[in-house]
Amino acid sequence: MKDVALVYMSKYGHTKQYAEWAKEELGIHVVPITSFNAAQMLSYKLVVFASGVYGDKIQIMDFIKKNGSAINASRIMIAAVSWYTNGSLEAKKKLIEANYPDNFKNVVPMVVLNSGIDKKAITIVEKGQLTAASMSISKHEERSSDDINALAIIKGYSDMTSKDNLKYLKEAIENFINPKKPEVPAPRAADRPMSAPVPPPKPQPVELKPEPTPVPQPVPVQTALPDISFAIPQIQTLTCCSN
């Protein structure tokens, strides 16, 4: 990753620690903000600007906005080192809304790296801000993972600064250099184009055969019998009388 630079601003040392780990583990060029000028951006394919977050304000954004005309928004990334959970989408959305100018939104990627608070080094004002933040979080009816993580850090229970967190930065840089092609989901059955309906079979013409001509039946001939009554002798009835 020699064509990638990480420019950092560190107030209490957490961001500087991540920068040194990034140089060691990822092989990227690391430059403190005090030694960087916007013209140097031309030497890199990607410049990651990293700093701590205080009151949801990303400290290094002041430098970026001041040099906005010389900074190509399509070639930078923001690394926000804070008490928010690594890779938190909710925190990312909140920080983008609070810090990005309009021309950065949907253009400049952001990665959130979990960190800690050096309570011995912070100012009285910052201690008051932490107390206010703790009271605000405590009022939440349902606490998110970010809330739980923040309370643990504010109260000094944990410091989440870890070399293992670099995997989120590494993944973000690799996705920037070699963006993954979005997977095209297989169309659902309801989304698939419907094939043309199969037309019903055309009725086949019925060949009408001519009915056979009926054969005339012979008419029975009735033969008249000859009158032979004249040939039969008349029989006279003889009456015999008895006395």
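Refer to the structure above for everything that follows.
Values in this document were obtained by computation on a predicted structure and should not be read as measured data. Think of each chain on its own: its residues are numbered from 1, step by step along the sequence as written. A pLDDT threshold of at least 70 governs which residues receive local features in this predicted model, and a stricter bar of 80 or more applies before side-chain atom pairs are shown or counted, although totals over entire chains, interfaces and linings include all residues. By convention in this description, side-chain values take in all heavy atoms of the structure and omit both hydrogens and water.

Asks: Hey, could you go over the overall build of the protein chain for me, with residue numbers and the actual values?
Replies: A run of H or I in DSSP counts as a helix once it spans at least four residues, and a run of E counts as a strand once it spans at least two, with each numbered from the N terminus. Each helix and strand counted, the protein chain has six helices and six strands in total. For the protein chain, the succession of helices and strands along the chain, N to C, is β-α-β-β-β-α-β-α-β-α-α-α. Residue burial is assigned from relative accessible area. The probe radius is 1.4 Å, only protein chains are included, and a residue is buried under 20% of its type maximum, exposed over 50%, and partly exposed in between. The 243 residues of the protein chain split such that 32% are buried. Restricting to contacts in the protein chain with at least 6 residues of sequence separation, those with at least 24 account for 78%. Note on areas: Shrake-Rupley with a 1.4 Å probe; residue coverage comes only from the protein chains shown. Within the structure as shown, the protein chain displays about 17,600 Å² of accessible surface, and the carbon and sulfur contribution to it stands at 57%. Should any heavy atoms of two residues lie within 4.5 Å, those residues are considered in contact.

Asks: How would you sum up helix H6 (residues 166-177)? Please name residues and give values.
Replies: An α-helical turn contains 3.6 residues, so any two residues separated by three or four positions project in the same direction. In this model H6 runs 16 Å from its N-terminal to its C-terminal C-alpha over twelve residues, within 8% of the 16 Å that 1.5 Å per residue would give. All of the buried residues along H6 are Leu166, Leu169, Ala172 and Ile173. For H6, the buried positions fall inside an angular range of 125° around the axis, keeping them on one side. Against strand S1 (4-9), helix H1 (14-26), strand S3 (46-54), strand S5 (76-82) and strand S6 (110-114) lie the buried residues of H6. The span expected for a helix works out to 1.5 Å for each residue beyond the first. What the arc covers is the set of directions going from the helix axis to the C-beta atoms.

Asks: Let's hear about the packing of aromatic side chains: which residues, and what values?
Replies: Centres within 6.5 Å make a pair out of two Phe, Tyr or Trp rings, where for Trp the six-membered ring is used; the pair is then stacked when the planes are under 30 degrees apart, edge-to-face when over 60, and tilted otherwise. Enumeration according to the criterion identifies six aromatic pairs in this entry. Arranged with centres 5.7 Å apart and planes meeting at 80°, the rings of Tyr100 and Phe104 form a pair that is edge-to-face. By relative accessible area, which is 5% here, Tyr100 ends up buried. You can call Phe104 buried: its relative accessible area is 6%. Put simply, the rings of Phe36, Phe49 and Phe63 pair up and form one aromatic cluster.

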